[in-house]
Number of protein chains: 2
Amino acid sequence: MAVAERLTRQEQRERNRLKLLEAAEKVFAERGIQGASIDEVAAEAGLTKGAVYSNFASKEELLIEVMRHRLGGEARAQADRLLHSGRDSEALVEEFGRYWAERVRGGDQEAFAQMTVELMIHATRNPAVREQLVDLVFPTAGEGRHPLSPPGSALAGLPYEQADAILKSLDIGMRLLVLLAPERCPPELFATALRLLAAPRPDHP
Amino acid sequence: MAVAERLTRQEQRERNRLKLLEAAEKVFAERGIQGASIDEVAAEAGLTKGAVYSNFASKEELLIEVMRHRLGGEARAQADRLLHSGRDSEALVEEFGRYWAERVRGGDQEAFAQMTVELMIHATRNPAVREQLVDLVFPTAGEGRHPLSPPGSALAGLPYEQADAILKSLDIGMRLLVLLAPERCPPELFATALRLLAAPRPDHP
DNA sequence: CCTTTCAGATACTGATTGGTATTCGGATAT
DNA sequence: ATATCCGAATACCAATCAGTATCTGAAAGG
């Protein structure tokens, strides 16, 4: 039996805010950003519209907070995992490939991919959102810079920015394709492409 | 002075249908699929809602027709261009890279990329649309199969389906990234990635 | 205890939208 | 020339939704 928890006001508020962020992510993914209604987000969190507008100024702000909440955690998780897998070139590539396939399956991740793509499109039309999203996707601090481009590989012959952009394109593009037609695009394909991209260069010892 | 053209009913109708399809593509891209209103589409075409519902059963059908109209033409154009560029491996890769960078710039293409991505997301949530879109993106007939995977390259070592899916992922992903942050992802990057993917394999004569 | 405070519930509004019912005017047929 | 037809315009409707204004009950504070 769970003890009926006594929660202070602040705790309650924080808990509700989190519930709203998670509900919003789910509903945004399910219905689309424009198609999602504040009422449904609130209901999904077991609250009402009042709670939403008490915690966020507008739908737009809610969206930005969801994005920050999720994308931040994501980047951190990825960097962590890759940093802990040793720095050997091939091992790194394999680990990244495995990581990708793993995530792209989780039911939770599906919603995430969907929301990310939708968010990018939305950002394209909204300068304020765009700026924030670009900062999240391309962190300027050395922080989020994942350690791909293993030395000696073809990818490594490129400036970091270029290798990064290529990997991110492939990442997001393949997520979208997996979402659209999993039967045509199995998750293992990412690792395959990665191996091609990071293959040792014949003409470059 | 243009002669005031006498148009037969059928001609007029066809002309209006086309105007609507083009207007719809533009408005869908600008506002998003859910955000676009039938009224705005009609206005963009210089017509009214009546014309839309006279030519298409619903917003959904309009969407599908736009998709068929545009995606069909696109695939044809691409196949044409690549077929006419000779079959030499490197030349093919370079031509594809050039083609990509060219298109991604055209103001028209921006709307197209935006709509395509949005369409994919939309399809993810709508089985009927999904099926049709998958057929357009992965044509089963030998028709749309573009002739990439030049022999001798690493890509060519893969089954056609896999190479195709990888290229399409990179294509759509990079289009999205260019849209979001052109300063981080110049159009030339596609050719760069392509060269890496199609590089001759060191261990495979 | 009793008052104050405030997070969240409830009630409401103005604007928008997909879709329909009806009308209108020019092309077509006779 | 006139009657018919039909593609598109106009008018209308019910539903939805972001945002606001107001209220309420329980925690904070004394």
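Nothing here was measured: the structure is a model prediction, and the numbers come from that model. Residue indices follow the written sequence of each chain, beginning from 1 at its first position. Written order determines the labels here, with chains lettered from A and ligands numbered from 1. In view of the model being predicted, local features appear only for residues whose pLDDT reaches at least 70, and side-chain atom pairs are presented and counted only at 80 or more, with totals across whole chains, interfaces and linings using the full set of residues. Heavy atoms throughout the structure, all of them, feed into the side-chain values; hydrogens and water do not.

Undergrad: Got a minute to help me understand the layout of surface pockets in this structure?
TA: A probe as big as a water molecule, rolled over the atoms, marks out the empty space that is left. Residue and element names in this part refer to chain B. One number sums up the size of the second largest pocket: a volume of about 300 Å³. Here a helix means four or more residues in a row that DSSP labels H or I, a strand means two or more in a row labelled E, and each is numbered from the N terminus. Every element with two or more residues in the lining of the second largest pocket is listed here: α1 (9-31), α5 (89-105), α6 (107-124) and α8 (160-180). Examining the composition of the lining of the second largest pocket, we find that six residues originate from one element, α6, more than from any other. Its residues assigned to classes, the lining of the second largest pocket comprises eight nonpolar, four polar and six charged. Points on a 1 Å grid over protein atoms alone make up a cavity when a 1.4 Å probe fits among them but cannot get out, and a pocket when they form an open set with protein on both sides within 12 Å along at least five of seven lines; lining residues each have an atom within 4 Å of a point. Grid points are joined across faces, edges and corners, and a volume is the space filled by probe spheres set on the points. Three residue categories are used. Nonpolar comprises Ala, Val, Leu, Ile, Met, Phe, Trp, Tyr, Cys and Pro, charged comprises Asp, Glu, Lys and Arg, and polar comprises the others, including Gly.

Undergrad: Any chance you could explain the interface of chain B and chain A here in plain terms?
TA: Many authors give the size of an interface as the accessible area that is lost as the parts come together. With 48 residues of chain B at the contact, the number on the chain A side is 48 residues. Here the quantity called buried area is the accessible surface, traced with a 1.4 Å probe, that two parts lose on coming together, added over both. Between chain B and chain A the total buried area reaches about 4,200 Å² when both faces are included, carbon and sulfur atoms providing 72% of it. Among the residues chain B hides against chain A, the three largest losses belong to L180, R184 and L196 of chain B. Together they make up 18% of the total. Salt bridges are counted wherever a side-chain nitrogen of Lys or Arg sits within 4 Å of a carboxyl oxygen of Asp or Glu. The interface formed by chain B and chain A contains two salt bridges. With a shortest N-O distance of 2.5 Å, E118 of chain B and R125 of chain A are connected by a salt bridge. Distance and chemistry together define a polar contact, namely a pair of N or O atoms within 3.5 Å, with one atom able to donate a hydrogen and the other to accept it when in protein, and with adjacent residues in sequence counting only for side-chain atoms on both sides. Summed over the shared surface of chain B and chain A, the result is 12 residue pairs in polar contact (both at pLDDT 80 or more). For the side of chain B that touches chain A, the elements supplying multiple residues, two or more each, are α1, α6, α7 (127-137), α8 and α9 (189-197) of chain B. Considering each element in turn, the side of chain B that touches chain A owes the most residues, 13 residues, to α8 of chain B. Grouping the constituent residues of the side of chain B that touches chain A by class yields 30 nonpolar, 10 polar and eight charged. Any pair of residues with heavy atoms lying within 4.5 Å of one another is described as a contacting pair.

Undergrad: Would you mind going over the protein's contact with DNA strand D with me for this structure?
TA: By nearness alone, 19 residues border DNA strand D, and K49 and Y53 of chain A together with R9, N16 and T48 of chain B come closest of all. When the atoms of DNA strand D within 4 Å of the protein are sorted by group, sugar and phosphate make up 66%. R9 of chain A has a polar backbone atom sitting 3.1 Å from a phosphate oxygen of DNA strand D. Contact distances for DNA strand D include 2.4 Å between a phosphate oxygen and a side-chain N or O atom of T48 of chain B. Of all elements in the fold, only α3 (49-55) of chain A together with α1 and α3 (49-55) of chain B reach the threshold of two or more residues within the surface near DNA strand D. The dominant element in the surface near DNA strand D, judged by the number of residues it contributes, is α3 of chain B, at four residues. Taken together, the residues of the surface near DNA strand D break down into five nonpolar, eight polar and six charged. In these notes, residues near a molecule or strand are those with any non-hydrogen atom within 4 Å of it.

Undergrad: Whenever I open this one, the packing of aromatic side chains confuses me. Can you help?
TA: We describe a pair of aromatic rings using the distance from one ring centre to the other and the angle between the two ring planes. Residues and elements named next belong to chain B. Here a Phe, Tyr or Trp ring, Trp counted by its six-membered ring, pairs with any other such ring whose centre lies within 6.5 Å, and the pair is stacked when the planes are under 30 degrees apart, edge-to-face when over 60, and tilted otherwise. Under the defined criterion, the tally for this structure stands at four aromatic pairs over all chains. Here F96 and F190 contribute two aromatic rings whose centre-to-centre distance is 5.5 Å and whose plane-to-plane angle is 90 degrees, an arrangement assigned as edge-to-face. Residue F96 is located in helix α5, and its partner F190 is located in helix α9; the two are separated by 94 residues in the primary sequence. Relative accessibility thresholds used throughout: buried, under 20% of the residue-type maximum; exposed, over 50%; partly exposed, between the two (1.4 Å probe, protein chains only). A residue is classified by how much of its surface remains accessible, and F96, at 4% relative accessible area, is buried. Relative to F190, the ring of W100 has its centre 4.5 Å away and its plane inclined at 10 degrees; by these criteria the two rings are stacked. Of this pair, W100 sits in helix α5 while F190 is found in helix α9, placing the two residues 90 residues apart along the sequence. With respect to burial, W100 and F190 carry one shared label: buried.

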